[in-house]
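# Observations on the three-dimensional arrangement
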Amino acid sequence: TIPISLLLDREDSKTEYDGWMVEISPRGARVRTSLVLLAGQMIGIAASGDSGQKIPYRVVWVERSSSGCLAGLALLETGQA
């Protein structure tokens with residue numbers, strides 16, 4: 001697992017949350033976070049502590065638990081997020 005930062009764009013602000021990359025592939029990723037994600041939601045991901053550009057993903061599926069969720073993400077091409 002790799003520590004990551006998840007960025008959520010809201011209408012009035014951008015909020016960053018901690019998470020962990022569990023698996024990554026050329027077309028997507030699986031992440032674990034205490035944040036509750038929703039299928040269809042757009043998020044940005046960067047290495048933890050990296051202030052550079054976030055890579056855009058779309059949440060495809062979510063398994064919720066008492067400690068947050070495990071989510072499957074589809075990599076978006078730049079400009080789709």
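Preceding block: the structure.
Below or above, wherever it landed, is the structure these notes cover. What you are looking at is a predicted structure, and each value in this text was computed from that prediction instead of being measured.

Moving on, we get to the overall build of the protein. What the protein contains, in helices and strands, is 0 helices and 6 strands. Each helix and strand of the protein, ordered N terminal to C terminal, gives the series β-β-β-β-β-β. Expressed as a percentage of its 81 residues, the buried residues of the protein come to 36%. Within the protein, contacts between residues separated by at least 24 positions form 41% of all contacts whose residues are at least 6 apart in sequence. A total of about 5200 Å² of accessible surface is found on the protein, and carbon and sulfur atoms cover 49% of it.

Turning next to the pairing of strand β1 (residues 2-9). Looking along a regular strand, one sees the side chains alternate between the two faces of the sheet. Bridge analysis of β1 against strand β2 (residues 14-25) gives 8 bridges, and the strand direction is antiparallel. By the bridge assignment, Asp 9 is partnered in β2 with Lys 14. As paired strands, β1 and strand β4 (residues 42-47) are joined by 4 bridges and run antiparallel to one another. Paired with Leu 7 across the bridge in β4 is Gly 44.

Take the pattern of salt bridges next. All told, the structure shown has 2 salt bridges when counted by the stated rule. Two residues, Lys 54 and Glu 16, come together in a salt bridge whose shortest N-O distance is 4.0 Å. Taken together, the residues span a long stretch of sequence, with Lys 54 in the loop between β4 and β5 (55-65) and Glu 16 in strand β2 at a distance of 38 residues. According to the relative accessible area criterion, Lys 54 is buried, its value standing at 16%. Note that Glu 23 is salt-bridged to Arg 30, the shortest N-O span being 2.2 Å. Using a relative accessible area of 41% as the deciding quantity, one classes Glu 23 as partly exposed.

Analysis parameters
Residues numbered from 1 in each chain as written. Predicted model: local features only at pLDDT ≥ 70, side-chain atom pairs only at ≥ 80, totals over all residues. Heavy atoms only, no water. Helix = DSSP H or I, 4+ residues; strand = E, 2+ residues; numbered from the N terminus. Buried < 20%, exposed > 50% of the residue type's maximum accessible area, 1.4 Å probe, protein only. Contact = heavy atoms within 4.5 Å. Areas by Shrake-Rupley, 256 points an atom, 1.4 Å probe, with all protein chains shown as cover. Pairing = 2+ DSSP bridges. Salt bridge = Lys/Arg side-chain N within 4 Å of Asp/Glu carboxyl O.

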